[in-house]
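Here is how the chains run, residue by residue.
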Amino acid sequence: MITALDQDRALERARDAASAVVDPELPMLTLADLGVLRDVSVGEDGAVVAAITPTYSGCPAMAAMRDDLVRELRAAGFADARVRVVLEPAWTTDWITPAGRAALAAAGISPPGPAPRRSGPVPLRLTPTRRAVRCPRCGSDDVVVGSEFGSTACKALYRCQACLEPFEHVKEI
Amino acid sequence: MPDVRTHEPDDHDSAYSGLLVNDAHWAFGTDFEDPLAGVDTTVPDGVDPATLATYCLMLGDDALVLSQRLGEWCSNAPDLEEDIALSNIALDLLGQARLLLARAAAADASQVPALPDGSPVPDEDRLAYFRDAQQFRNVRLAEVANGDFAQTIVRILLFSSWRLALLDRLSRSRDAVLAAVAAKGVKELTYHRDFAGRWFLTLARGTEESRRRLLAGLAELWPYWSELFETYDVERAAALSGVGVDPADVAAEVEAVLDQVLSASGVDRPVLPSPTGAREHTGHKGRDGVHTEALTELLAELQVVARAHPRGQW
C-alpha cells in the first residue's frame, strides 16, 4: 500500500532525478534550467512520466533527452519511466531560469534578452536585429553580429570589438 | 547499469566538459522516437480524418521538399555563415515536416504506405520515403532545382512569406496538434523571412552582377507564385471545418510583405500572372500530385537508401 507521503517522496525523488539531466548540446544547462522539462508526475502504480517540449521543431536532441531522462529515472529506482512530448505552448527563451542564464554566461555564451511580443501580423525586419548584448568575456557592449545563425538552431554568432573574441548569443524566441 | 561517470566536472575548464560526465548522451541510433508521444491526436468533432490528413500532408510535403533543396547547400554555400544559415533553415523545415507527416498518419492511417511485416520504419518516415512523386502534395515552388545563391534567397523569401502568414492563422486551428505545430513554426519562419528579405535587399542593392542574378532568380520562380494562393478542394474543406486555412485568404497580407521588400530593394514586381488575377484552382499542379521532373530527381536521392532497406533501423 502506497501512502500519500510515500507518493510525495517518490515525486520529489523523480523530480530531482529528472531535473539533474543536462541538455545534450548545452551541457552546462539542465533540461529544467532550459525550460524544456515541463512536468514530472508519479502515478499510484509508481510509474513516472516526464514531459518535455522541443526548443525548435527540428531539434535533433529529443531522442537523446528522452533516453537520458529514462536512464536517470531508472537509476533513481523508477523501473517504469516514460517521456511524453508537449507541443503547446511553444518553447520560449523566457523559460530559461536565472540559474540557466548564469550558467550560459559562465560558459561564455551570452544569454537571451526578453522574447519578442506582438499583436497582429508578424512584422518584417529588413535591418539587423537590435539586441542589448554584452560580451560574456569582457563585458563590453561594443559587439557586432557576425551571423544570425550558429552551431545550434538557438544561437547567433557575435564578435566583441573590445577584446576581439567571438562568442555565441542565445536568440530570443 | 554501468557507471560511466569517470570525470570530475572541474577536471576541465572547457564549457563542454559536461559532455564527458556521462558518455551515454551519445547513444544515438538505438531507437526511433515518436515525435507525438503522449500527444492527444484525436480528430476534432465534425472533421473528416482523410481531409485533415491530406491537408497535413500538403503542408508537410511543402516543408520536406524545400528542406531537401536547402540541404543540398550544405558545404556548398558561398561562405560558412550562409552555409550554416541555410542548414539551420532546412532543419527547422524538416522538423515541421516530421510533425506534420506524423500528424497526418495519426489522423488517417490508410494514407501511410504499407511496408513488409516487422519493418520498424515509423509512419512519418514511411510517408517521406515510400510515396512516389504523384503522391506528394507540395507546391511546385518547393521542388524547382537549385540555381545560384540569389535564386535560393528569392525562393526562401517567397516561400517563408507565404507560409508564415498561413501558419500564423493556422495557430488558431480547431485541431490542437496542427495549431501547436503552426504556432511553433511561426517563430521559425519569422527569422527565415527576415534572413531572405535582408539578403534580397543586399543583392538588389549590391553589384550589377548580384542584382542581375537576383532578378534572374525572381523571373525563374515567379511563374510558381500564383499557385501558392490557389485554393485546392482539400484546403477549402479543411478551412470550412475550422482546421485549415484557405490560402486565398492570406494573399493580400503576403503581397503587402513582398511589396515592402521589392520597394526597399528597388525591384519591380514581375509582370507574369500574380494572385491578384484568377485564384480558382485550375488543376494539374503540385497539390494535385502533378509535379515537374525536378521532384522525381529529388525524391530519388532522398529515398534511395530507405527503399533499399525497408526493414532498416538506424
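Coordinates for the structure precede this section.
Residues numbered from 1 in each chain as written. Chains lettered and ligands numbered in written order. Predicted model: local features only at pLDDT ≥ 70, side-chain atom pairs only at ≥ 80, totals over all residues.

## Considering the interface of chain A and chain B
And then number 1: Tallying the contact residues gives 36 residues for chain A and 50 residues for chain B.
And then number 2: Breaking the side of chain A that touches chain B down by element, the ones donating at least two residues are α3 (62-75), β3 (81-85) and β5 (143-147) of chain A.
And then number 3: Among the elements that make up the side of chain A that touches chain B, the one with the highest residue count is α3 of chain A (eight residues). (Contact = placed C-beta atoms within 7 Å. Helix = DSSP H or I, 4+ residues; strand = E, 2+ residues; numbered from the N terminus.)

## Re helix α4 (residues 149-170) of chain B
And then number 1: Helix length check: α4 of chain B, at 22 residues, gives a terminal C-alpha distance of 30 Å against a target of 32 Å (1.5 Å per residue), a fit within 8%.
And then number 2: Within α4 of chain B, 21 of the 22 residues are buried, which leaves it mostly tucked inside the rest of the structure. (Expected span 1.5 Å × (residues − 1). Buried ≥ 20, exposed ≤ 12 C-beta atoms within 10 Å, placed from the backbone.)

## Quick notes on the packing of α4 of chain B against helix α8 (residues 251-265) of chain B
Residues and elements named next belong to chain B.
And then number 1: Running from N to C, α4 and α8 point in directions that differ by 145°, and their axes come no closer than 9 Å. Judged by the sense of rotation from one axis to the other, the crossing of α4 with α8 is right-handed. Residues L157, S161, W162 and A165 of α4 form the contact with α8, whose own contacting residues are E253, V254, V257, L258 and V261.
And then number 2: When grouped by side-chain class, the residues that make up the contact of α4 with α8 number seven nonpolar, one polar and one charged. (Axes fitted to C-alpha atoms, helices over the stretch in contact; angles between N-to-C directions. Left-handed = near helix turned anticlockwise from the far one by under 90°. Nonpolar A, V, L, I, M, F, W, Y, C, P; charged D, E, K, R; others polar.)

## Remarks on the environment of A106 of chain A
And then number 1: Here A106 of chain A is to be found in helix α4 (residues 98-106).
And then number 2: Along the chain, A106 of chain A and P136 of chain A lie 30 residues apart, while their C-alpha atoms are 7.6 Å from each other.

## A closer look at the nonpolar core
Residue and element names in this part refer to chain B.
And then number 1: In this structure, C56, I153 and F200 are the most contacted members of the largest nonpolar core, which totals 134 residues.
And then number 2: Ranked by residue count, the leading element in this core is helix α2 (residues 80-107), at 16 residues.
And then number 3: Leave out the neighbours within four places in its chain, and F200 touches I153, V154, L157, L214, V261 and S265. (Core = buried A, V, L, I, M, F, W, Y, C linked by C-beta atoms within 7 Å.)

## Some details on unusual backbone geometry
Residue and element names in this part refer to chain A.
And then number 1: Looking along the chain, the bond that leaves E88 and enters P89 is cis, with omega of 0°.
And then number 2: Mapped onto the elements, P89 comes out in the loop between β3 and α4.
And then number 3: Despite not being glycine, L164 shows a phi value in the positive range, around 70°.
And then number 4: With respect to the helices and strands, the residue L164 is situated in the loop between β6 (155-160) and β7 (166-170).

## Quick look at helix α5 (residues 176-204) of chain B
And then number 1: With 29 residues, α5 of chain B extends 41 Å between its outermost C-alpha atoms, agreeing within 8% with the 42 Å of an ideal straight helix rising 1.5 Å per residue.
And then number 2: Its maximal kink placed at V186 of chain B, α5 of chain B deviates by approximately 25°. (Bend = angle between axes of the 7 residues up to and from the residue.)

## Topic: the pairing of strand β2 (residues 48-52) of chain A
All names here are of chain A.
And then number 1: Residue alternation in β2 divides its side chains into a buried set, V48, A50 and I52, and an unburied set, V49 and A51.
And then number 2: By the bridge criterion, five bridges tie strand β1 (residues 37-42) to β2 in an arrangement that is antiparallel. If you follow V40 over to β2, its bridge partner there is A50.
And then number 3: With antiparallel pairing between neighbouring strands as the criterion, β1 and β2 make up a hairpin whose turn holds five residues, including G46 at a positive phi of roughly 90°.
And then number 4: With five bridges connecting them, β2 and β3 associate as parallel partners. Following the sheet pairing, V49 is matched in β3 by R82.
And then number 5: On the question of chirality, the crossover connecting β2 to the parallel β3 by way of α3 is right-handed. (Pairing = 2+ DSSP bridges. Right-handed = clockwise from strand over helix to strand, strands pointing away.)

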